[in-house]
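Each chain is listed here by its residues.
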Amino acid sequence: MGSITLKNVKKSFGGVTVIPDISLDIEDGQFVVFVGPSGCGKSTLLRLIAGLEDVSDGMIAIDGEDMTKTAPAQRKLSMVFQSYALYPHMSVRGNIAFPLKMEKAPKEKIDAAVNNAASILNLTDYLDRKPRQLSGGQRQRVAIGRAIVRQPKAFLFDEPLSNLDAALRVAMRLEISELHNKLKTTMVYVTHDQVEAMTMADKIVVLNAGRIEQYGSPLELYQRPANKFVAGFIGSPKMNFVEGAEAQKHGAHSIGVRPEHLTVSRGPGTWSGVVKVSEHLGSDTFLHVDVEGAGTMTTRTSGDVAFKHGETVGLTPVEGRVYRFDAQGMAV
Amino acid sequence: MATAQTQTAARFMMAPAVLLLLAWMIIPLSMTLYFSFQRYNLLMPGMEYFTGFDNYRYFFANPNFWAALTNTLVLVGGVLAITLIGGTLLALLLDQPMFGQGIVRLLVIAPFFVMPTVSALVWKNMLMHPVNGFFAWLARVFGFQPIDWFAQFPMFSIIMIVAWQWLPFATLILLTALQSLDEEQREAAGMDGAGPLSLFFYIILPHIARALTVVMLIQTIFLLSIFAEILVTTNGGPGVATTNLTFLIYMQSLLQFDVGLASAGGIVAVILANIVAIFLLRIVGKNLEA
Ligand SMILES: Nc1ncnc2c1ncn2[C@@H]1O[C@H](COP(=O)(O)OP(=O)(O)O)[C@@H](O)[C@H]1O
Ligand SMILES: [Mg+2]
């Protein structure tokens, strides 16, 4: 069991308000990702849940029980830190066993739990090594191992993959998702990378400047962004925004079209422009097109479409895939 | 910097310094070694002659030698124990955020800047004096008989004075070690359920172990040759209760004008220091490996 409820949580450091007012319900067993630009307060929010920071105001409940003033250790949550925070002088076994040792668990139980965690995480051959003798991915797994042996109510991850190279990041992303499927424990995962958020989450919390912009499933966020910020943040490449006369035609202050919802033609389209750069990824080709009166627009076409720098092309949005926003940036 | 070429270059560039250092050490050491085999008393100038190991025999035969050896070890051990434990505790205290942190730190470091003779005199005359001392006054306030520290607990008194001088050094080094502990490690340990004691023994102590080793080695080197504090307070007494090897050598050379005997004592002290150093490096040396 591990549902987490935040009610009107506020946090300021000295005079600086980092989190003005957040209320949030995280259901038991869900994989929830906090995503947002750097400095928007994701880590702070996670640390508030963990109990590493005190709330300035508001209430945090875990399983319906008020934990606002409870010490971190008593909240029964496990955290995986961005720097891994492994204990350098202890072996991998010592690191993973540490939380149980602190609980004064019997030796057989500790050994069983450590061996179990090690086999889940493919660490069995490394149990007697020190952290500094491990690669980044292995250290990451040790940190996760240390988190799972306690059988916590929920796992908290703070950008756990940001120190890994791209290939390893994709692999660990899968491993963490598999781990979630296996353990079915609540996970709260912080990242600034919307791809991680989209691929891993049951539900995504999009944060901006300490406020929740939208809370929903990845597809909800993709298909029905609540505002311009979410529309621009979710999806890659970014959504194209057009303001002014073109938007007026759709009866909105500004409109947005995702790159994958723009069809490219050699003849004239709704808009026409000159290809500035074309990026060939093999499977896809991204075209950056300079459109008169609308700025640069990005399109995503299939990999075999060959447009060259300097060619004039027509762009037409797919019917019903134009997002409209009012002057405040809210979706209409 | 591990290619053969850089290593050769490094050796060449270091050579002058190494040679200078070698001459610096070798010349006094060999002179001492030479004198230690000579019958050489300043009261009988011009009558030096080779005596073999006689000086060493006399030095070891001195009934005070074993007492001095024990005193040396007790002094070093006592001061080390106080400064390492006290230094760790003080460093933990100073690492807490508090009002006036900078000034408190400066005050704690201050004793290190006081000359040994001066601090020993201050302790002797202002703190431990049986009539005028602060401790005597304190004892009288509470209705106790004042203690004559240097007569009743001479070695303890010397240890206190020397420990007071070296505590800041230990504190300072250990404080920097403490401050280099990763904050996330503390937080991780906290979330893993470690209380203050577990945090100290499982996380903090291993982290500062290397600094403790360094403090211990450096202090040992200096503490083996404590002299000024003894000279201005107890003069090695009562009896030989506070005579360490350095003081014994001083008494023999300067009070008896026997340069040969004193040189033999000096060589013995050098050998002893090396034994202690090797011994210490053996026990704690593994902490120094990367
Ligand atoms: N201990 C602190 N003291 C003062 N300001 C802080 C502290 N921790 C975080 N902040 C500020 O709070 C804001 C959000 O930080 P953080 O939660 O770490 O952002 P994120 O993890 O989303 O990148 C930043 O502007 C940061 O400067
Ligand atoms: Mg962060």
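Residues numbered from 1 in each chain as written. Chains lettered and ligands numbered in written order. Predicted model: local features only at pLDDT ≥ 70, side-chain atom pairs only at ≥ 80, totals over all residues. Heavy atoms only, no water.

Trainee: Help me understand the overall build of chain B in this model?
Mentor: Along chain B, the regular secondary structure elements total 13 helices and 2 strands. Its C-alpha atoms give chain B principal-axis dimensions of about 75 × 75 × 30 Å. Going through the 290 residues of chain B one by one, you find that 39% of them count as buried. Expressed as a percentage of contacts within chain B between residues at least 6 apart in sequence, the contacts between residues at least 24 apart total 68%. Here chain B displays about 16,400 Å² of accessible surface, and carbon together with sulfur accounts for 75% of that area. (Helix = DSSP H or I, 4+ residues; strand = E, 2+ residues; numbered from the N terminus. Buried < 20%, exposed > 50% of the residue type's maximum accessible area, 1.4 Å probe, protein only. Contact = heavy atoms within 4.5 Å. Areas by Shrake-Rupley, 256 points an atom, 1.4 Å probe, with all protein chains shown as cover.)

Trainee: Looking at this structure, how should I read empty space enclosed by the protein?
Mentor: In total, this model carries 1 cavity of 30 Å³ or more according to the counting rule given. Roughly 50 Å³ of internal volume is contained in the largest cavity. Lining of the largest cavity is provided by Ser78(A), Met79(A), Phe81(A), Ala143(A), Arg146(A), Ala147(A), Arg150(A), Ala188(B), Met191(B) and Asp192(B). Mapped by element, the contributors of at least two residues to the lining of the largest cavity are β6 (77-80) and α4 (136-148) of chain A together with α9 (183-191) of chain B. No other element matches α4(A), which puts 3 residues into the lining of the largest cavity. Residue composition of the lining of the largest cavity, by class: 6 nonpolar, 1 polar and 3 charged. (1 Å grid on protein atoms, 1.4 Å probe; cavity = no way out; pocket = protein on both sides within 12 Å on 5 of 7 lines; lining within 4 Å. Points joined across faces, edges and corners; volume = space filled by probe spheres on them. Nonpolar A, V, L, I, M, F, W, Y, C, P; charged D, E, K, R; others polar.)

Trainee: Hey, could you run me through the environment of Gly269(A) in this one?
Mentor: Residues and elements named next belong to chain A. For Gly269, the location among the structural elements is in the loop between β13 (262-265) and β14 (271-280). Residue classification places Gly269 among the partly exposed residues on the basis of a relative accessible area of 29%. Once the C-alpha coordinates of Gly269 and Pro99 are considered, the two residues, 170 residues apart in sequence, prove to be 63 Å apart. The contact partners of Gly269, leaving out residues within four places of it in the chain, are Gly314, Leu315 and Thr316.

Trainee: What is the right way to look at the sheet that holds strand β5 (residues 65-66) of chain A in this model?
Mentor: The pairing of strands in a sheet comes from backbone hydrogen bonds and takes either a parallel or an antiparallel form. Residues and elements named next belong to chain A. Reading across from one edge, β2-β1-β4-β5 is the order of the 4 strands in this open sheet, with antiparallel pairing throughout. Two strands in the sheet have a free side with no partner beyond their single neighbour: β2 (16-26) and β5. Strand contacts of helix α1 (residues 42-50): β1 (4-13), β2 and β4 (57-62), with the helix running at about 120° to β1, the strand carrying the most contacts. (Pairing = 2+ DSSP bridges. Axes fitted to C-alpha atoms, helices over the stretch in contact; angles between N-to-C directions.)

Trainee: Can you walk me through the UniProt feature "transmembrane region" (unreviewed entry) in chain B in this structure?
Mentor: Residue and element names in this part refer to chain B. With numbering aligned to this structure, UniProt lists the feature "transmembrane region" (unreviewed entry) at residues 12-37, 65-94, 106-123, 155-178, 199-228 and 261-284. Secondary structure over residues 65-94 splits into 100% helix and 0% strand, and the C-alpha atoms at its two ends are 42 Å apart. Strand forms 0% of residues 155-178 and helix 100%; the C-alpha atoms that close the span are 32 Å apart. (UniProt positions renumbered as here; feature names shortened; annotations may be inferred.)

Trainee: Where do I start with the side chain of Ser254(A) in this structure?
Mentor: One can find Ser254(A) in strand β12 (residues 254-257). Not counting chain neighbours up to four residues away, the residues in contact with Ser254(A) comprise Lys228(A), Val242(A), Glu243(A), Ala247(A), Tyr323(A), Arg324(A) and Phe325(A).

Trainee: Hey, could you run me through the domain arrangement of chain A in this one?
Mentor: Many descriptions give the size of an interface as the accessible area lost when the pieces come together. Residue and element names in this part refer to chain A. By domain assignment, chain A separates into domain 1 (4-226) and domain 2 (237-325). A separation of 38 Å is found between the C-alpha centroids of domain 1 and domain 2. With 4 residues of domain 1 in contact, the opposing surface of domain 2 contributes 4 residues. Per-residue buried area on domain 1 facing domain 2 is highest for Tyr222, Gln223 and Pro225; these three make up 93% of the total on that side. At the junction of domain 1 and domain 2, the tally comes to 0 salt bridges. Between the two partners, domain 1 and domain 2, sit 4 residue pairs in polar contact (both at pLDDT 80 or more). (Domains from an automatic or database assignment. Buried area = accessible area lost by both parts, 1.4 Å probe. Salt bridge = Lys/Arg side-chain N within 4 Å of Asp/Glu carboxyl O. Polar contact = N/O pair within 3.5 Å; in protein donor to acceptor, adjacent residues only side chain to side chain.)

Trainee: Would you explain the UniProt feature "domain: ABC transporter" (unreviewed entry) in chain A in this entry?
Mentor: Mapped onto this numbering, the UniProt entry annotates "domain: ABC transporter" (unreviewed entry) at residues 4-234 of chain A. End C-alpha to end C-alpha, residues 4-234 of chain A measures 25 Å, and it is 36% helix and 26% strand.

Trainee: Explain the side chain of Asn227(A) here, please?
Mentor: Residue and element names in this part refer to chain A. Position of Asn227 among the secondary structure elements: in the loop between α7 (218-223) and α8 (228-233). Residue classification places Asn227 among the buried residues on the basis of a relative accessible area of 6%. Among the polar contacts listed, one links the side chain of Asn227 to the backbone nitrogen of Val230, at a separation of 2.9 Å. What Asn227 contacts, discounting residues up to four positions off in sequence, is Glu213, Phe325, Gly329, Met330 and Ala331.

Trainee: Would you mind showing me how to read the pattern of salt bridges here?
Mentor: Side-chain pairs of opposite charge can arise where the charged atoms are in close proximity. The full count for this structure, using the stated rule, is 16 salt bridges over all chains. Here Arg47(A) and Glu187(B) are joined by a salt bridge, their closest N and O atoms 2.7 Å apart. Of this pair, Arg47(A) sits in helix α1 while Glu187(B) is found in helix α9, placing the two residues in two different chains. On the basis of relative accessibility, which here comes to 16%, the residue Arg47(A) falls in the buried class. For Glu187(B), a relative accessible area of 11% puts it in the buried group.

Trainee: Help me understand the interface of chain A and chain B in this model?
Mentor: Chain A puts 24 residues into the contact, and the matching count from chain B is 16 residues. When chain A packs against chain B, the two sides together hide about 1,600 Å² of surface, and 60% of this comes from carbon and sulfur. Ranking the residues of chain A by area buried against chain B places Tyr87(A), His89(A) and Met102(A) at the top, with a combined share of 29%. Taken together, the links from chain A to chain B amount to 2 salt bridges. The interface formed by chain A and chain B contains 7 residue pairs in polar contact (both at pLDDT 80 or more). Of all the elements in the fold, those that place two or more residues in the side of chain A that touches chain B are α1, β6 and α2 (92-102) of chain A. When residues of the side of chain A that touches chain B are assigned to their parent elements, the largest contribution, 4 residues, is made by α2(A). Taken together, the residues of the side of chain A that touches chain B break down into 15 nonpolar, 4 polar and 5 charged.

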